[in-house]
Amino acid sequence: MRLLARLAHAVDDRDLQAYRDCLADEVTCRSEGEWQLESGDAYAQRSLDSVSALEWTHHRLCNFVVEIEGDKARARVDVVAEMQGLDGDRAPARVTLAADTTSSSRGS
């Protein structure tokens, strides 16, 4: 849960290094409807670029589901993201994020 909260804070703060620190060297992500591997650096940059035209964002995380099996954990969380464009328009959005991590390689 801390990992997902750190991601939310990092994107809201536009902190590329903090966002990157949450990711593995290679991540599996969905792009243009297809699952693919991407470097953590590229994914972090793309993620922050996607909100760069917004005045602010605020991600609220809720309904955490965490499953632990051995040294692996899987988490799923609902995210309500509010954002405001530079023109003053506000747009709420609801998305679901999932993260996989191994407890032996992630301390938080």
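This write-up is about the structure you can find in this document. From a predicted model like this one, the values you see are computed outputs, not experimental measurements.

A look at the overall build of the protein chain
Looking only at helices and strands, the protein chain features three helices and five strands. Ordered by position from the N terminus, the helices and strands of the protein chain form the series α-α-β-β-α-β-β-β. Taking all 108 residues of the protein chain together, the buried fraction comes to 28%. Considering only contacts within the protein chain whose residues lie at least 6 apart along the sequence, 42% involve residues at least 24 apart.

Notes on the environment of His-58
Its place among the elements puts His-58 in strand β3 (residues 54-69). A relative accessible area of 39% places His-58 in the partly exposed class. Taking the C-alpha atoms as reference points, His-58 and Ala-81, separated by 23 residues in sequence, lie 5.6 Å from one another. With near-sequence residues (within four places) excluded, His-58 lies in contact with Asp-12, Val-80, Ala-81 and Glu-82.

Let's talk about unusual backbone geometry
Of note in this structure, Arg-14 is not a glycine but carries a positive phi near 55°. By the secondary structure assignment, Arg-14 is in the loop between α1 (2-13) and α2 (16-21). For Asn-63, which is not a glycine, the phi torsion comes out positive at approximately 55°. One can find Asn-63 in strand β3. The exposed category is assigned to Asn-63, whose relative accessible area is 53%.

Quick notes on α1
Between its first and last C-alpha atoms α1 spans 16 Å; for 12 residues at 1.5 Å apiece the expected length is 16 Å, and the two agree. Of all the positions in α1, only Leu-3, Leu-4, Leu-7, Ala-8, Ala-10, Val-11 and Asp-12 are classed as buried.

A short note on the nonpolar core
Core analysis: the biggest nonpolar cluster contains 15 residues, and Leu-4, Leu-7, Val-11, Tyr-19 and Leu-23 have the highest contact counts within it. Looking at this core, the elements with two or more residues in it are α1, α3 (40-49) and β4 (72-85). Sort the elements by how many residues they give to this core and α1 lands first, with five residues. When neighbours within four sequence positions are excluded, Tyr-19 is seen to be in contact with Leu-7, Ala-10, Val-11, Tyr-43, Ala-44, Ser-47 and Leu-48.

Reading the values: rules and limits
Residues numbered from 1 in each chain as written. Predicted model: local features only at pLDDT ≥ 70, side-chain atom pairs only at ≥ 80, totals over all residues. Heavy atoms only, no water. Helix = DSSP H or I, 4+ residues; strand = E, 2+ residues; numbered from the N terminus. Buried < 20%, exposed > 50% of the residue type's maximum accessible area, 1.4 Å probe, protein only. Contact = heavy atoms within 4.5 Å. Expected span 1.5 Å × (residues − 1). Core = buried A, V, L, I, M, F, W, Y, C linked by side-chain atoms within 4.5 Å.

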